[in-house]
Amino acid sequence: MQSHDVDYTILGNDIQVLEVELDPNETVVAEAGAMVYMSEAIAFETKMGDGSEPNQSIMGKLFSAGSRLITGESLFMTHFTNRGSYGKAHVAFSAPYPGTIIPLDLCELPQGLIVQKDGFLAAAKGTKISLHFNQKLGAGLFAGEGFILQKITGDGKAFVHAGGTIIEKRLNNELLRVDTGCVVAFEPGIDFSIARAGGLKSMIFGGEGLMLATLRGTGRVWLQSMPVKKLIQALAPNGGNARKESGGVLGNLMGGILDE
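Residues numbered from 1 in each chain as written. Predicted model: local features only at pLDDT ≥ 70, side-chain atom pairs only at ≥ 80, totals over all residues. Heavy atoms only, no water.

**Details of the sheet that holds strand S13 (residues 157–162)**
- With respect to topology, six strands assemble into an open sheet ordered S5-S6-S3-S10-S13-S8, the strand pairing being antiparallel. Strand pairing shows two members of the sheet lacking a second neighbour, strand S5 (42–47) and strand S8 (100–105), which therefore form its edges. Adjacent strand axes in the sheet meet at a mean angle of 20 degrees, parallel and antiparallel pairs treated alike.
- Of the strand pairs in this sheet, strand S10 (residues 120–124) and S13 are connected by three bridges, and their pairing is antiparallel. Paired with Ala123 across the strands is Ala158, a residue of S13. (Pairing = 2+ DSSP bridges. Helix = DSSP H or I, 4+ residues; strand = E, 2+ residues; numbered from the N terminus. Axes fitted to C-alpha atoms, helices over the stretch in contact; angles between N-to-C directions.)

Structure follows, in structure tokens:
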């Protein structure tokens, strides 16, 4: 199915809003609860599935919806359509936490894009959002992230949300090591795996976690500076102080013991 050709504007800097402009009968699909405002001509309907396969059977829709539950997303998606007879209409979306919106033209990504399970925000109707399992089982067993992902394919516009500042890296048969929660998306040509974060002392007292994500290959990678998990830890009572203590005074004391 050919995707609808939607126009868009991204508003704001640190806490961004995506405003999509729809011609009559154009549709954009978004995560449930992401809508901020919409024009009078916009009609919305909650459905199971992304609408990329209009002739899909009931069992196919149930499987697609079940796949979304596995990724931790809502069972349903909301379809917003301009039902006006003439003129353009607008609908706007935001993510549930502060961050940056990444606009993507899937025509430039013929193999699609692999996205972290909570990264998808919205897309033109015709975009397929499917479940993607990382072949490296260790990504799920040790890091807790990166095993169950989403794959976005199509030929229209799609929008991904990430926390903090976005960094786009282009790897040319290179290796990049990243905090596991900081990986937002990557092209299918990139191999995603998990590696141990240094020696025993660094793993326990370094404050960087036990494992790091390893991205290897040729293609683009998108990273975020503030994953939602780190944001929650920073806002939790004594969360930041506890982390500093474990990597600071306690780390120095125990580090000296381990060095002896």
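So that's the structure; there's more coming.
**Describing unusual backbone geometry**
- The backbone of Asn25 sits at a positive phi, close to 70 degrees, despite the residue not being glycine.
- Mapped onto the elements of the fold, Asn25 is located in the loop between strand S2 (17–22) and strand S3 (27–31).
- For Asn25, a relative accessible area of 53% puts it in the exposed group.
- Positioned with a positive phi, Asn173 is a non-glycine residue whose angle comes to about 55 degrees.
- Its location among the elements puts Asn173 in strand S14 (residues 166–179). (Buried < 20%, exposed > 50% of the residue type's maximum accessible area, 1.4 Å probe, protein only.)

**So, the packing of aromatic side chains**
- By the definition in use, this model includes four aromatic pairs.
- Centre to centre, the rings of Phe44 and Phe80 are 5.8 Å apart; their planes meet at 35 degrees, and the pair counts as tilted. Here the residue Phe44 occupies a position in strand S5, and Phe80 occupies one in strand S6 (residues 77–82), the gap between them amounting to 36 residues.
- Given the relative accessible area of 4%, Phe80 is considered buried.
- Look at Phe80 and Phe93: their rings are 5.2 Å apart centre to centre, the planes differ by 70 degrees, and that puts the pair in the edge-to-face class. Here Phe80 is found in strand S6, whereas its partner Phe93 is found in strand S7 (residues 89–93), with 13 residues between them in sequence. The exposure classification of Phe80 matches that of Phe93, with both residues buried. (Phe/Tyr/Trp six-rings, centres within 6.5 Å; stacked < 30°, edge-to-face > 60°.)

**Section: the side chain of Arg220**
- Within the secondary structure, Arg220 is located in strand S17 (residues 211–224).
- Filtering out sequence-adjacent residues up to four positions away, Arg220 remains in contact with Glu108, Leu109, Glu168, Lys169, Arg170, Phe186, Glu187 and Ile190. (Contact = heavy atoms within 4.5 Å.)

**Remarks on the sheet that holds S7**
- Strand order in the open sheet formed by four strands is S1-S2-S7-S4, with antiparallel pairing between adjacent strands. With one partner strand each, in any of the chains shown, strand S1 (7–11) and strand S4 (35–38) form the two edges of the open sheet. Neighbour-to-neighbour, the strand axes of the sheet open up by a mean angle of 20 degrees, direction not taken into account.
- Of the pairings in the sheet, the one linking S4 to S7 comprises three bridges and is antiparallel in character. Within S7, the position partnered with Met35 by the bridge is Phe93.

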